[in-house]
Amino acid sequence: MTTNTHMLKDKTAIILGSARNMGRAFAEALARKGANIVVHHHGASSSGDAATTAAAVERLGSKSVVVDGDIADGDVVRRIFARARTEFGTVDVVINCVGIVIKKPFVDYTEEDFDRSFATNARAAFLVMQEAARHISDNGRIISIGTSLLGAYTGYYAVYAGSKAPLEDFTRALSKEIGSRGVTVNVVAPGPVDTAFFHGQETPEAVAYLSAASPAGRLGRIEDIVPMVEFLVSPASQWVTGQTLFVNGGFVTR
């Protein structure tokens with residue numbers, strides 16, 4: 001983790017899904033390093049949380065702007081990037097934290113579950129990465145939040161893990177295509193992290209099982225994930241691109 005508190009001064013970071021949980025933590029971390037932050041949230045139900053994130057960014061001495069919308073819609077994604085350019089002039093870091101998890105037995109998933117999951121986890125990620133590639137500054141950083149379940153042998157997450165799996169191939173392809181500009185593209189794949197997003201789908205028994213799966217005997221914490229993102233947005237990470245980086249305390253390895 002870099003200690004340079006001015007590393008991102010005059011840079012702009014778009015953080016999709018930054019109203020709460022990891023996205024908010026990433027916004028605050030990059031604001032501490034001087035970045036202007038575009039705070040994205042989905043809609044009315046998260047507007048208060050997005051305002052809280054924006055206020056935290058500004059208390060840290062950085063500028064913020066709040067945008068909203070469903071990023072599975074290409075027009076919304078284009079509007080967000082255009083707003084970033086209008087407000088701050090450049091796009092230097094893009095972090096996509098948006099995701100949805102629906103946990104069910106394989107045979108119980110509905111077509112609606114499938115379509116909704118792939119729209120949020122795969123289509124939206126593709127559209128964000130595509131627009132990022134069009135606008136990102138030279139030596140910029142594109143980061144998608146995936147899942148360590150891609151390395152796990154478990155049931156009940158078929159559609160969640162399946163809809164996150166394309167991020168790896170999107171990342172490899174895009175990193176190859178724009179790497180000559182110094183842009184890096186990576187996936188950060190956390191294991192179970194102690195957030196409202198995680199607990200929304202889990203029973204107490206599942207939480208106990210997943211906690212025990214790590215050698216440390218606990219769930220991950222948001223502060224376990226932030227240092228990886230801080231590293232990836234720093235100049236020190238220039239030789240890391242096209243990768244899926246598992247950050248999970250040994251929950252799974254590969």
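Throughout what follows, the structure given in this document is the object of discussion.

Cut-offs used in this document
- Here the residue numbers are simple positions, counted from 1 along each chain's written sequence.
- Under the rules for a predicted model, residues below a pLDDT of 70 receive no local features and side-chain atom pairs below 80 are neither given nor counted, while totals for whole chains, interfaces and linings still include all residues.
- Note that water and hydrogens are dropped before the side-chain values are worked out from all heavy atoms of the structure.
- Numbering of helices and strands runs from the N terminus, with a helix taken as a DSSP run of H or I at least four residues long and a strand as a DSSP run of E at least two residues long.
- Note that the radius of gyration is over C-alpha atoms, with the globule rule given as 2.2 Å times the number of residues to the power 0.38.
- The contact criterion used is simple: two residues touch if any of their non-hydrogen atoms lie within 4.5 Å.
- Only the protein chains shown count as cover for residues, and the accessible areas themselves come from Shrake-Rupley with a 1.4 Å probe.
- Should DSSP find at least two bridges between two strands, the strands are taken to pair.
- Lines fitted to the C-alpha atoms define the axes, with helices restricted to the stretch that makes contact. Angles between their N-to-C directions range from 0 to 180 degrees.
- Here, nonpolar core refers to any group of buried Ala, Val, Leu, Ile, Met, Phe, Trp, Tyr and Cys residues whose side-chain atoms link them within 4.5 Å.
- Residue exposure (1.4 Å probe, protein chains only): buried if accessible area is under 20% of the type maximum, exposed if over 50%, otherwise partly exposed.
- Paired rings are identified among Phe, Tyr and Trp, the last through its six-membered ring, by centres lying within 6.5 Å, and are further divided according to the angle between planes into stacked (under 30 degrees), edge-to-face (over 60) and tilted (the rest).

Focus on the overall build of the protein
Counting its regular elements, the protein contains 9 helices and 7 strands. Its C-alpha atoms give the protein a radius of gyration of 17 Å, within 12% of the compact-globule value 18 Å for 254 residues. Along the longest, intermediate and shortest principal axes, the C-alpha atoms of the protein span 50 × 40 × 35 Å. Contacts spanning at least 24 positions in sequence make up 75% of the contacts within the protein whose residues lie at least 6 apart. Accessible surface, the protein as shown: approximately 11,800 Å² in total, 53% of it carbon and sulfur.

Description of the sheet that holds strand 7 (residues 244-247)
Paired through their backbone hydrogen bonds, the strands of a sheet run either parallel or antiparallel. Within the open sheet, the 7 strands sit side by side as 3-2-1-4-5-6-7. Their pairing is parallel. Taken across any chain shown, the strands that pair with only one partner, and hence form the sheet edges, are strand 3 (64-68) and strand 7. Going across the sheet, the axis of each strand differs from the next one's by a mean of 20°, ignoring polarity. Pairing analysis gives 4 bridges linking strand 1 (residues 12-16) to strand 4 (residues 91-96), with the strands arranged parallel. Looking at the pairing, Ile15 lines up with Ile95 of strand 4.

With respect to the nonpolar core
The biggest cluster of nonpolar side chains holds 34 residues, and the ones touching the most others in it are Ile15, Phe26, Leu30, Ile37 and Ile95. In terms of residue count, helix 1 (residues 21-32) provides more of this core than any other element does, 7 residues in total. In this structure, Val65, Phe81, Ala84 and Ala132 belong to the second largest nonpolar core, which totals 28 residues.

Some thoughts on the side chain of Ser148
Mapped onto the elements of the fold, Ser148 is located in the loop between strand 5 (136-145) and helix 5 (158-164). A relative accessible area of 0% means that Ser148 is categorised as buried. Excluding anything up to four places from it in sequence, Ser148 contacts Ala189, Pro190, Gly191, Phe246, Val247, Asn248, Phe251 and Val252.

Examining the packing of aromatic side chains
Taken as a whole, this structure holds 2 aromatic pairs when the rule is applied. With a centroid separation of 4.3 Å and 20° between ring planes, the pair formed by Phe114 and Phe118 is classed as stacked. Highlighted residues: Phe114 and Phe118, both in helix 4 (residues 111-135), separated by 4 residues, approximately one helical turn. Ring centres of Phe126 and Phe170 lie 5.3 Å apart, and the angle between their planes is 65°; this geometry places the pair in the edge-to-face category. Pair noted here: Phe126 is in helix 4 and Phe170 is in helix 6 (residues 166-178), with a separation of 44 residues, a long-range link. By relative accessible area, which is 37% here, Phe126 ends up partly exposed. The exposure class assigned to Phe170 is partly exposed, which follows from its relative accessible area of 24%.

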